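Remarks on the overall topology
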Amino acid sequence: MATKPSGTTTTPTTTNKNPTVKNQTYKPNVIPYRPNRRHNRRRRCNCRRCFCLCCFWSVLIIFSILFLAAIAGAIFYVLYHPQLPSFAISSLKISQFNLTTTSDDTTKLTTKFNITLSTKNKNKKLIYTYDPIVLTAESTNQIVLGNGIFPGFISIPNNVTNIHSTLSMVSQDLDVDSVSTLKSELKRKNGLPVKILLDTKMVVQMDKLKSKKVGIRVTCDNIHGLIPKGKIPTVASITNAKCKFDLRIKILRWTF
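Residues numbered from 1 in each chain as written. Predicted model: local features only at pLDDT ≥ 70, side-chain atom pairs only at ≥ 80, totals over all residues. Heavy atoms only, no water.

Note the threshold: UniProt positions are given in the numbering used here, feature names are shortened, and annotations may be inferred rather than shown by experiment.
By the naming in an unreviewed UniProt entry, the protein chain goes by NDR1/HIN1-like protein 13 and is assigned to Nicotiana tabacum. Here is the UniProt Subcellular location (unreviewed entry) comment for the protein chain, exactly as written: "Membrane".

So, unusual backbone geometry
With the exception of glycine, the majority of residues adopt a negative phi angle, and the majority of peptide bonds are in the trans configuration. Put simply, the rule reads: We count a stretch as a helix when DSSP gives it H or I for four or more residues in a row; a strand needs E for two or more, and each element gets its number in order from the N terminus. Burial classes follow relative accessibility: with a 1.4 Å probe on protein chains only, a residue under 20% of its type's maximum area counts as buried, one over 50% as exposed, and anything between as partly exposed.
Its identity is not glycine, yet Asn158 carries a phi of approximately 55°, on the positive side. Note that Asn158 resides in the loop between β6 (153-155) and β7 (159-174). According to the relative accessible area criterion, Asn158 is exposed, its value standing at 53%. Of note in the backbone geometry, Asp207 takes a positive phi value of approximately 60° without being a glycine.

A closer look at a nonpolar patch on the surface
Filter applied, for reference: Only residues above 30% relative accessible area that lack a salt bridge enter a patch, with like-charged residues linked at up to 9 Å and the nonpolar side chains Val, Leu, Ile, Met, Phe, Trp and Tyr linked at up to 5 Å. Note that accessible areas follow from Shrake-Rupley with a 1.4 Å probe, and for residues the cover is restricted to the protein chains shown. The working definition used for a salt bridge is a side-chain nitrogen of Lys or Arg within 4 Å of a carboxyl oxygen of Asp or Glu.
On the surface, Leu53, Phe56, Trp57, Leu60, Ile61 and Ile65 cluster together into a nonpolar patch covering about 620 Å² of accessible area. Its place among the elements puts Leu53 in helix α1 (residues 37-80).

With respect to the confidence of the model for the protein chain
For clarity, the threshold we go by: Each residue carries a pLDDT score, the predictor's confidence in it, ranging from 0 to 100. In this analysis, two residues are considered to be in contact whenever any of their non-hydrogen atoms come within 4.5 Å of each other.
Averaged over every residue, the pLDDT of the protein chain is 82; the share at 70 or more is 79%. Mean pLDDT per element in the protein chain: strand β14 (residues 254-255) is the minimum at 48, and strand β4 (residues 133-138) is the maximum at 96. Across residues 1-9 the pLDDT falls below 50, and counting only partners more than four positions away or on other chains, this stretch makes 0 contacts in the model. Contacts from residues 13-17, a stretch scored under 50 in pLDDT, to residues over four places away or in other chains number 1 contact.

Digging into the side chain of Thr234
Defined as follows: Definition of a polar contact: a pair of N or O atoms within 3.5 Å, with one able to donate and the other able to accept a hydrogen when the atoms are protein atoms, and with sequence-neighbouring residues admitted only if both atoms are side-chain atoms.
By the secondary structure assignment, Thr234 is in strand β11 (residues 234-235). A distance of 2.5 Å separates a polar side-chain atom of Thr234 from the backbone oxygen of Leu226. In this view, Thr234 contacts Leu92, Lys93, Ile94, Leu226, Ile227 and Pro228; residues no more than four positions away in its chain are not counted.

Examining the packing of aromatic side chains
Quick reminder of the rule: When two rings of Phe, Tyr or Trp (its six-membered ring) have centres within 6.5 Å they constitute a pair, described as stacked for plane angles under 30 degrees, edge-to-face for angles over 60, and tilted for the intermediate range.
Per the counting criterion, the structure on display carries 6 aromatic pairs. Ring geometry for Phe56 and Trp57: centres 5.6 Å apart, planes at 75°, overall edge-to-face. Using a relative accessible area of 49% as the deciding quantity, one classes Trp57 as partly exposed. Pairing Phe150 with Phe153 gives two aromatic rings, centres 6.1 Å apart and planes at 75°, and the pair type is edge-to-face. The burial state of Phe150 is the same as that of Phe153; both residues are buried.

Topic: the state of the cysteines
As a reminder, the rule being used: Disulfides are defined in this document as cysteine sulfur pairs within 2.5 Å.
Across all of its chains, the model carries 1 disulfide by this definition. The partner cysteine of Cys220 in its disulfide is Cys243, sulfur to sulfur 2.1 Å. Since a negative S-S torsion denotes a left-handed disulfide, the Cys220-Cys243 link at about 110° is right-handed. Taken together, the positions of Cys220 in strand β10 (residues 214-225) and Cys243 in strand β12 (residues 242-248) put the pair 23 residues apart, joining distant regions of the chain. Cys54 carries a free sulfur, and the closest cysteine sulfur to it, the one in Cys50, is 6.6 Å from it. What makes Cys54 partly exposed here is its relative accessible area of 48%.

Here is the structure:
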C-alpha cells in the first residue's frame with residue numbers, strides 16, 4: 001500500500017548572516033518635509049516695502065515742513081522787510097593806561113576808557129529788546145584792556161539809542177607775552193590798536209508775537225588811540241572803525 005503524505009510541511013529556516021542590517025519599511029503616502037522658501041521671501045519683501053515706505057514718508061514730511069517754512073519766511077519778509085540793527089562808535093577816550101612792574105617782576109595793567117556807541121533800529125514794525133550789554137576792550141592777541149556794562153533797553157522802530165559806558169581795569173596781572181606785545185604796540189605811530197566787543201541777548205517783537213532770546217555779538221575794530229601822558233585824556237581815532245553784527249547760536253556746548 002502506498003503511504004499518503006502528511007498535511008504539514010516543514011520549510012527550511014534561513015539565518016541572517018549580517019545582523020547589523022535593519023529592515024526598512026517603505027511608506028508610499030508620506031511626503032518628505034521641505035522648507036517653504038516662498039513664505040520667507042514674502043516676509044523679507046514686506047519688511048523692505050515697509051522700510052521704504054517709512055523712508056519715503058519721512059523725507060516727504062521733512063520737505064513739506066521746509067517748504068512751508070520757506071513760504072512763511074517769504075511772507076514775513078514781504079510784510080515786515082526785517083533789517084538787522086546797526087551799531088557805530090561815536091567816540092572813544094583813553095583816560096588812563098598804566099603798565100607798572102612790582103618788585104617781584106610782576107607787571108600790572110590799569111586802564112580806563114570812556115566810550116559812546118549808537119545803535120539804530122531801521123525797521124518800521126519790529127521792536128528790539130536788549131538784555132544788559134557786556135562791553136570789552138581788547139588789543140592784539142585778545143589781551144583784555146577793560147570791561148564795562150550797559151543796562152538793557154528797548155529799541156523802538158526808526159529810533160537811535162546812544163550807549164555811554166566806562167571800561168576799566170585795576171591792577172590786572174599780565175603774563176610775559178602780553179607785556180611784550182603791549183610794549184611793542186605802544187610804540188606805533190598811529191597808537192594802540194583797540195577792539196570793542198559787545199555781548200548781549202536780544203528779543204524781536206512784531207505786533208503781539210515775540211521771539212526767543214538770541215545771543216548777539218557786535219565787534220568794532222580798526223580803532224587806534226594814543227596813551228595819555230598826563231591827566232588829560234586822549235581821543236582815539238575812529239575814522240576807519242567798523243562794527244560787525246553777528247548772531248551767536250548755541251547748540252549744546254558749542255556757540256556759533
